[in-house]
Amino acid sequence: MKLLLINGPNLNLLGLREPATYGHATLAEVERAAAAEAARMGAELAPWQSNHEGAIVERIHAAHTEGVAGIVINAGAYTHTSIAIRDALAATALPFVEVHISNVHAREPFRHRSYLSAMAAGIVVGFGVDGYRLAVQGLVRRLSAG
Ligand code: CA2
């Protein structure tokens, strides 16, 4: 079972800035932990990050043709703005879990709206970087259940 982990804009700064909101773990550490969780569950996870909306759209398209079974995505601020990323996820029809490190609902009102949530298999919000591991677990279980 091949999974794709997509992190969007500014998440390459994890562990380097704003630790009170986003924690101390680096993106590389988060990606390793998510891949290890996938392996523990018998799946294979490929991590990928981009700061560019169009690149994320194209990565989602490619996932479809690569035989990826499901996606874990933290689209960062594009969560709240990007109809293009929503449309790409809808077009591939791959199951995906939306992750947010912070509790977006306890933050500014503009973070309360997600263009992705209505189509997600599940959403993990506010558990810090542990959310990625929880998302992998949920996605593998969902895919295994058929
Ligand atoms: O809580 C989340 O995971 C967010 O997706 C993070 C986005 C934010 O725009 C969303 O509303 C919620 C921002 C990512 C910024 O990542 C940084 C990481 C470390 C230091 C600075 C920014």
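Quick note: structure is the one above.
Residues numbered from 1 in each chain as written. Predicted model: local features only at pLDDT ≥ 70, side-chain atom pairs only at ≥ 80, totals over all residues. Heavy atoms only, no water.

Student: I'm lost on the overall build of the chain in this one. Help?
Tutor: Along its length, the chain carries five helices and five strands. Its helices and strands taken in sequence order, the chain reads β-α-α-β-α-β-α-β-β-α from the N to the C terminus. Overall, the C-alpha framework of the chain stretches about 35 × 30 × 25 Å when taken along its three principal axes. Here the chain holds 146 residues, and 42% of them are scored as buried. Carbon and sulfur atoms provide 54% of the accessible area of the chain, an area that totals close to 7,100 Å². (Helix = DSSP H or I, 4+ residues; strand = E, 2+ residues; numbered from the N terminus. Buried < 20%, exposed > 50% of the residue type's maximum accessible area, 1.4 Å probe, protein only. Areas by Shrake-Rupley, 256 points an atom, 1.4 Å probe, with all protein chains shown as cover.)

Student: Would you explain the site of the ligand in this entry?
Tutor: Taken together, 17 residues surround the ligand, and among them Asn74, His80, Ile101, Ser102 and Arg111 come closest. Within the backbone of Asn10, one N or O atom sits 3.4 Å away from an oxygen atom of the ligand. For the ligand, an oxygen atom lies 2.9 Å from a polar atom in the side chain of Arg111. If the ligand stood free it would expose 500 Å²; the protein chains cover 95% of that surface. Residue composition of the shell around the ligand, grouped by class: eight nonpolar, six polar and three charged. (Near = heavy atom within 4 Å. Polar contact = N/O pair within 3.5 Å; in protein donor to acceptor, adjacent residues only side chain to side chain. Nonpolar A, V, L, I, M, F, W, Y, C, P; charged D, E, K, R; others polar.)

Student: Quick question: what am I supposed to make of the environment of Glu31 here?
Tutor: Within the fold, Glu31 resides in helix α2 (residues 27–40). Separated by 15 residues in the primary sequence, Glu31 and Ala46 have C-alpha atoms spaced 8.5 Å apart. Setting aside anything within four residues of it in sequence, one finds Glu31 in contact with Leu5, Leu45, Pro47, Trp48 and Gln49. (Contact = heavy atoms within 4.5 Å.)

Student: Teacher, can you tell me more about the nonpolar core here?
Tutor: Across soluble globular proteins, nonpolar side chains show a tendency to be buried alongside one another. One finds Leu3, Leu45, Val72, Tyr132 and Val136 to be the most contacted residues of the largest nonpolar core, which totals 21 residues. Looking at this core, the elements with two or more residues in it are β1 (2–7), α2, β4 (96–100) and α5 (130–144). Contacts of Val136, omitting those with residues within four sequence positions, involve Leu3, Ala34, Glu37, Ala38, Met41, Leu45 and Val72. With 18 residues, the next largest nonpolar core counts Ile60, Val68, Ile71 and Leu94 among its residues. (Core = buried A, V, L, I, M, F, W, Y, C linked by side-chain atoms within 4.5 Å.)

Student: How should the side chain of Arg59 be read in this particular structure?
Tutor: As for its position among the elements, Arg59 is in helix α3 (residues 53–65). Contact partners of Arg59, with chain neighbours within four places excluded, come to Leu4, Trp48 and Glu66.

Student: What's the story with unusual backbone geometry in this structure? I'm lost.
Tutor: In this structure, Asn10 is a non-glycine residue whose phi angle is positive, near 75 degrees. Backbone geometry at Ala93 places phi at a positive 60 degrees, although glycine is not the residue there. Along the chain, Ala93 turns up in the loop between α4 (83–92) and β4. Classification of Ala93 by relative accessible area gives exposed; the value is 62%.

Student: I'm lost on α5 in this one. Help?
Tutor: For an α-helix the count is 3.6 residues per turn, leaving residues at separations of three or four pointing the same way. Between the first and last C-alpha of α5 there are 21 Å, a value that for 15 residues agrees with the 21 Å anticipated at 1.5 Å per step. When we look at burial in α5, the residues that qualify are Gly131, Tyr132, Ala135, Val136, Gln137, Leu139 and Val140. Here the buried face of α5 lies against β1, α2, β2 (44–49), β3 (70–74), β4 and β5 (122–125). (Expected span 1.5 Å × (residues − 1).)

Student: Got a minute to help me understand the sheet that holds β1 in this structure?
Tutor: Backbone hydrogen bonds hold the strands of a sheet together, and the pairing may be parallel or antiparallel. Pairing is parallel in the open sheet, where five strands are placed in the order β2-β1-β3-β4-β5. What marks the edges here is a single partner per strand, and that holds for β2 and β5. The sheet shows a mean angle of 15 degrees between the axes of neighbouring strands, taken without regard to direction. Note that β1 and β2 share six bridges and pair parallel. Bridge pairing in β2 places Leu5 opposite Pro47. Its contacts with the sheet place α3 against β1, β2 and β3, and it is angled at close to 175 degrees to β1. (Pairing = 2+ DSSP bridges. Axes fitted to C-alpha atoms, helices over the stretch in contact; angles between N-to-C directions.)

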